[in-house]
2 protein chains.
Amino acid sequence: MNISDAATQTGLPAKTIRYYEDIRLVTPTRNTNGYRVFGETELHKLTFLARARALGFSIEDCRTLLALYEDQSRASADVKRIARTHLDEIEAKIADLIAMRDTLSHLVQACAGDDRPDCPILKGIEATSVRKD
Amino acid sequence: MNISDAATQTGLPAKTIRYYEDIRLVTPTRNTNGYRVFGETELHKLTFLARARALGFSIEDCRTLLALYEDQSRASADVKRIARTHLDEIEAKIADLIAMRDTLSHLVQACAGDDRPDCPILKGIEATSVRKD
DNA sequence: TCTTGACCTTCCAGTCACTGGAACCTCTAT
DNA sequence: ATAGAGGTTCCAGTGACTGGAAGGTCAAGA
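Considerations on the domain arrangement of chain A
And then number 1: Along its sequence, chain A is organised into domain 1 (3–57) and domain 2 (76–127).
And then number 2: One C-alpha centre belongs to domain 1 of chain A, the other to domain 2 of chain A; they are set 35 Å apart.

As structure tokens, this is what we get:
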């Protein structure tokens, strides 16, 4: 299977797959013509990577998770610790964004949005800081 | 006022302030010794930037907002449009993160997290895609 | 006066995870 | 034979800083 088929199968851009080989996340073999060949194993790994990335795991987390995925004698505690940490980071980001949204949506609502210069949004940026509970 | 005082006043790292000068967001004057001098105007601008950045506006949005902030004959509609667009992006990010969180927290809950290899998280990454409502 | 240490300066490189583009090679169909 | 769709490598750029090296400047104390 060539790279563009692998891209279609996994939903990853071909560029990204090449990048993943570059940083040694996958190791496709090569044809006599130099083209990458993706077998079932590499395709599985790419799919795993695509989904782990969609869950927001960093590349380095993905590398570790992939190693655990392939290690039949892993401890699930190792996986859970990584996932738990990542989950906490996601929660923190959500909280940050909600604080931003709340501040900003108040300001947007207060702004007439006409051709006059008076603007509660600019005043708000001048005066307010983002509240984190 | 020297850069470290400006940093303290605004809460921005000195490095960041230098960077903001580099990309022409602020234009402090210079002392005879070459040190940057921050007057009231530049300090105001830095404070405005720090707060706009805390609300998640991009640097380019900040540049535009700053120009509007300084323009006494602005139309508040211009400000509102930028803020509204940004607000939509924040909402989208929140939705993405909540989808990730929901998927991931289910997987974490299902995982025993002991020394056995059986792991619903890895299985979940293998099988599940992130649901966006 | 000299020295110490805390400032300040510039410039270069690195971060993260790709992405775009140039220049070139290979395969398939007409 | 040629056109077009694939493939390859390599280099540079993204956003918004951040770290670090190498060196200039200043105020206080011995």
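Details of the packing of aromatic side chains
Between two aromatic rings, the relevant description is the distance of the centres plus the angle of the planes.
Residues and elements named next belong to chain A.
And then number 1: Tallied over the full model, the rule gives four aromatic pairs over all chains.
And then number 2: Aromatic pair Phe 48 and Tyr 69: ring centres 4.3 Å apart, planes at 25 degrees, arrangement stacked. Of this pair, Phe 48 sits in helix H3 (residues 40–54) while Tyr 69 sits in helix H4 (residues 59–70), placing them 21 residues apart in sequence.
And then number 3: Exposure remark for Phe 48: the relative accessible area of 1% places this residue in the buried category.
And then number 4: Since its relative accessible area comes to 14%, Tyr 69 is described here as buried.

Here's the deal with the packing of helix H5 (residues 76–110) of chain A against helix H5 (residues 76–110) of chain B
And then number 1: In contact at an axis separation of 9 Å, H5(A) and H5(B) are set at 155 degrees when each is read in the N-to-C sense. The angle between H5(A) and H5(B) places the two elements in the roughly antiparallel class. The interaxial crossing formed by H5(A) with H5(B) has left-handed handedness.

What counts and how
- Residues numbered from 1 in each chain as written.
- Chains lettered and ligands numbered in written order.
- Predicted model: local features only at pLDDT ≥ 70, side-chain atom pairs only at ≥ 80, totals over all residues.
- Heavy atoms only, no water.
- Domains from an automatic or database assignment.
- Phe/Tyr/Trp six-rings, centres within 6.5 Å; stacked < 30°, edge-to-face > 60°.
- Helix = DSSP H or I, 4+ residues; strand = E, 2+ residues; numbered from the N terminus.
- Buried < 20%, exposed > 50% of the residue type's maximum accessible area, 1.4 Å probe, protein only.
- Axes fitted to C-alpha atoms, helices over the stretch in contact; angles between N-to-C directions.
- Parallel < 35°, antiparallel > 145°, perpendicular 65-115°, else oblique.
- Left-handed = near helix turned anticlockwise from the far one by under 90°.

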